[in-house]
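Per-entry structural report
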Amino acid sequence: MNKRLEAGIRLYHAHRFEQALAEFREAEKEMPPSPELDYYLGLCLTQLARYEEALLSLEKVVTSQFSFFHTMQSRMVLGYVYAITARHRLAQFEFAKVCEMLQSSQAYAGLGYVLYAQGSTREAIEALKKALEIDPRNANAMNSLGFINCEERIDLPRGIQLCRQAVEINPRNPAYHDSLGWAYYRAANLTEAKASLRRALDLAPGNREIAVHLREVLDAMKRGSPA
């Protein structure tokens, strides 16, 4: 293995992403085209939120003859990048491809998230339930399914329960506290909603979406009830 690539991989696994990227860029100059290098470049660039560059590297892996594992993992990261950059149809394509090949709880959770973002509520719920069938402790799936149950007023108690479970599994995740706060808000429990949303904002200071949710709850408390 190229020494620069080997050093970059060690740095990547040590979460020293800037240094890892520098090694990978040097390896690019020394090596012929390599799916393994593209794979680690894509992962590293994703960690550094350099998403457009990451997409270019990961697409090369998907279209190469690299290993099944690396191809599936690259599709998962592509789905993630497309999802967080609001390219939901592209994310759906990648997650669905993984679901065709694997019984992956994370892929079904991602698929459910982007389906709901596109307004396909029933299909999203089916995908999230499938994710939880495969892995009953998939906190992402719990959080998304709980949020949908409350946001769409399908089953408020069940929605709150799922959001609580997600928080219990990962109490440092601000998105889970945000969903739980919003679930309480939908159930007209404004005191618990405020507490959960303040916790979310403590974990993610400056997050605009959480701040908007908290402001909505505080306004509702002034009015005496949710809208």
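For the structure given in this document, a descriptive report is provided here. (Residues numbered from 1 in each chain as written. Predicted model: local features only at pLDDT ≥ 70, side-chain atom pairs only at ≥ 80, totals over all residues. Heavy atoms only, no water.)

**Quick look at the layout of surface pockets**
The following threshold applies: Buriedness of a pocket was judged along seven lines, with at least five required to meet protein on both sides within 12 Å; pockets are open sets of points on a 1 Å grid over the protein atoms alone, cavities are sets where a 1.4 Å probe fits but cannot get out, and lining residues have an atom within 4 Å of a point. Grid points are joined across faces, edges and corners, and a volume is the space filled by probe spheres set on the points. By definition, any uninterrupted DSSP run of H or I lasting at least four residues is a helix, any uninterrupted run of E lasting at least two residues is a strand, and each is numbered from the N terminus. Residues are grouped as follows: Ala, Val, Leu, Ile, Met, Phe, Trp, Tyr, Cys and Pro are nonpolar; Asp, Glu, Lys and Arg are charged; every other residue, Gly included, is polar.
Each pocket or cavity is described by its volume, and for the largest pocket that value is around 1100 Å³. Lining the largest pocket are 26 residues, and of these Tyr113, Asn140, Asn143, Ser144 and Ala175 lie nearest its centre. Counting residues per element, the ones that place at least two in the lining of the largest pocket are α5 (68-84), α7 (105-117), α9 (139-151), α11 (174-186) and α13 (208-223). For the lining of the largest pocket, the leading source of residues is α7, giving six residues. Across the lining of the largest pocket, the residue classes tally to 16 nonpolar, eight polar and two charged. Approximately 160 Å³ is the volume found for the second largest pocket. Considering the residues around the second largest pocket, the lining is formed by Tyr12, Leu43, Thr46, Gln47, Gln73, Met76, Val77 and Tyr80. Breaking the lining of the second largest pocket down by element, the ones donating at least two residues are α3 (35-47) and α5. In terms of residue count, α5 provides more of the lining of the second largest pocket than any other element does, four residues in total.

**Points about the packing of helix α8 (residues 121-134) against α9**
Operational definition: To get an axis, a line is fitted to the C-alpha atoms, and for a helix only the part in contact is used. The angle between two axes follows their N-to-C directions and goes from 0 to 180 degrees. Crossing handedness is defined as follows: a turn of the near helix away from the far one that is anticlockwise and smaller than a right angle gives a left-handed crossing, while the clockwise case is right-handed. Whether two residues are in contact is decided by their heavy atoms: any pair within 4.5 Å suffices.
Direction vectors running N to C along α8 and α9 enclose 145°, while the axes themselves pass 9 Å from each other. Here the hand of the crossing between α8 and α9 comes out left-handed. Along the contact surface, α8 presents Thr121, Ala124, Ile125, Leu128, Lys129, Ala131 and Leu132, while α9 presents Ala141, Met142, Ser144, Leu145 and Ile148. Along the lines of polarity and charge, the residues of the contact of α8 with α9 split into nine nonpolar, two polar and one charged.

**Overview of the side chain of asparagine 173**
Rules: Here a polar contact means two N or O atoms within 3.5 Å. Within protein one must be a hydrogen donor candidate and the other an acceptor candidate, and residues neighboring in sequence count only if both atoms are side-chain atoms.
Within the secondary structure layout, asparagine 173 lies in the loop between α10 (156-169) and α11. One polar contact links the side chain of asparagine 173 to the main-chain amide nitrogen of alanine 175, over a distance of 2.9 Å.

**A word on the environment of isoleucine 160**
When you line up the elements, isoleucine 160 lands in helix α10. Along the backbone, isoleucine 160 and alanine 193 are 33 residues apart, and their C-alpha atoms lie at a distance of 11 Å. Among residues more than four places away in sequence, those in contact with isoleucine 160 are Cys150, Leu180, Ala183, Tyr184 and Ala187.

**Section: a nonpolar patch on the surface**
Selection criterion: Each patch groups residues whose relative accessible area exceeds 30% and which form no salt bridge, using 9 Å between like charges and 5 Å between nonpolar side chains of Val, Leu, Ile, Met, Phe, Trp and Tyr. Accessible surface is estimated by sampling points in the Shrake-Rupley manner with a 1.4 Å probe; for residues, cover comes only from the protein chains shown. Between Lys or Arg on one side and Asp or Glu on the other, a salt bridge is scored when a side-chain nitrogen of the former is within 4 Å of a carboxyl oxygen of the latter.
A grouping of Phe68, Met101 and Leu102 is seen on the molecular surface, where their side chains present a nonpolar patch of about 280 Å² in accessible area. Summarising the element assignment, leucine 102 is placed in the loop between α6 (88-101) and α7.

**Quick look at the packing of helix α1 (residues 3-13) against helix α2 (residues 17-30)**
Quick reminder of the rule: Here the angle decides the label: under 35 degrees means roughly parallel, over 145 means roughly antiparallel, 65 to 115 means roughly perpendicular, and every other value means oblique.
Two numbers describe how α1 lies on α2: the axes approach to 8 Å, and their chain directions differ by 160°. The angle between α1 and α2 falls in the class roughly antiparallel. Viewed along their axes, α1 and α2 form a crossing whose handedness is left-handed. Together, Arg4, Leu5, Ala7, Gly8, Ile9, Leu11 and Tyr12 of α1 and Phe17, Gln19, Ala20, Glu23, Phe24, Glu26, Ala27 and Glu30 of α2 make up the contact between the two elements. For the contact of α1 with α2, a count of residues per class yields nine nonpolar, two polar and four charged.

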